[in-house]
Amino acid sequence: QVRLVESGGGLVQPGGSLRLSCNVSGSATAINNLGWYRQAPGKQRELVALASRGGGTYYADFVKGRFIVARDNAAAVSLQMNSLKFEDTAVYYCHANGATIGGVWSAQAYWGQGTQVTVSS
């Protein structure tokens, strides 16, 4: 079992910064991919950034150069968001994919409850 809990969301002005954190708990001993998705009203959920177990990172084009994802192996993952825009307003979800539980690897995906980020002047 993998449990993900996000924190750090809030209200920020355009051009400002926020840092989101996701604490990982449960019985998993390893997680392959750990990252962030977001969903705005009326839009589908989209991948923002992820970090692999091996240290690789991926960023969606709309956040490249502005956001930074970092992880502490399987214990936590953060998202540093800079130069925020109105378009970044959304619920941000921590996401894990591929975990070792009880000595057995599974491709099952896990989601946090989400944290609201609102960019407004």
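Since we're looking at a predicted model, the values are computed, not measured.

Undergrad: Which residues make up the environment of Tyr 59, and what values go with them?
TA: In this fold, Tyr 59 is placed in strand 6 (residues 57-59). Residues Tyr 59 and Val 48, spaced 11 residues apart in sequence, show a C-alpha to C-alpha distance of 6.0 Å. Dropping the residues within four chain positions of it, Tyr 59 is found in contact with Val 48, Ala 49, Lys 64, Phe 67, Ile 68 and Val 69.

Undergrad: Account for unusual backbone geometry, with residues named and values stated.
TA: Although it is not a glycine, Ser 83 sits at a positive phi angle of roughly 50 degrees. Relative to the helices and strands, Ser 83 resides in the loop between strand 8 (76-81) and strand 9 (90-101). Classification of Ser 83 by relative accessible area gives partly exposed; the value is 42%.

Undergrad: Kindly report on the state of the cysteines, identifying the contributing residues and their values.
TA: Evaluation of the coordinates by the stated rule reveals 1 disulfide. Cys 22 shares a disulfide with Cys 94; S-S distance 2.1 Å. Because the sign of the S-S torsion sets the handedness, a value of about -85 degrees for the bond joining Cys 22 and Cys 94 places this disulfide among the left-handed ones. Pair noted here: Cys 22 is in strand 3 (residues 18-26) and Cys 94 is in strand 9, with a separation of 72 residues, a long-range link.

Undergrad: Just give me the short version of the packing of aromatic side chains, but keep the residues and values in it.
TA: Per the counting criterion, the structure on display carries 2 aromatic pairs. Taking the centre distance of 4.9 Å and the plane angle of 70 degrees together, the rings of Tyr 37 and Trp 111 count as edge-to-face. Here the residue Tyr 37 occupies a position in strand 4 (residues 28-39), and Trp 111 occupies one in strand 10 (residues 104-111), the gap between them amounting to 74 residues. Exposure remark for Trp 111: the relative accessible area of 36% places this residue in the partly exposed category. Aromatic pair Tyr 93 and Trp 111: ring centres 6.5 Å apart, planes at 90 degrees, arrangement edge-to-face. Placement of Tyr 93 in strand 9 and of Trp 111 in strand 10 is noted, with a sequence separation of 18 residues between them.

Undergrad: A description of the sheet that holds strand 1 (residues 2-7) should follow, citing residues and the corresponding values.
TA: Within the open sheet, the 4 strands sit side by side as 1-3-8-7. Their pairing is antiparallel. Edge positions in the open sheet fall to strand 1 and strand 7 (67-72), since each of these has one partner strand only. With strand direction ignored, the average angle separating the axes of adjacent strands in the sheet is 15 degrees. Sheet topology note: the strand 1/strand 3 ladder contains 6 bridges and is antiparallel. Bridging across to strand 3, Leu 4 finds its partner in Val 24.

Rules used throughout
- Residues numbered from 1 in each chain as written.
- Predicted model: local features only at pLDDT ≥ 70, side-chain atom pairs only at ≥ 80, totals over all residues.
- Heavy atoms only, no water.
- Helix = DSSP H or I, 4+ residues; strand = E, 2+ residues; numbered from the N terminus.
- Contact = heavy atoms within 4.5 Å.
- Buried < 20%, exposed > 50% of the residue type's maximum accessible area, 1.4 Å probe, protein only.
- Disulfide = S-S within 2.5 Å.
- Phe/Tyr/Trp six-rings, centres within 6.5 Å; stacked < 30°, edge-to-face > 60°.
- Pairing = 2+ DSSP bridges.
- Axes fitted to C-alpha atoms, helices over the stretch in contact; angles between N-to-C directions.

So yeah, pure geometry; function would need other evidence.
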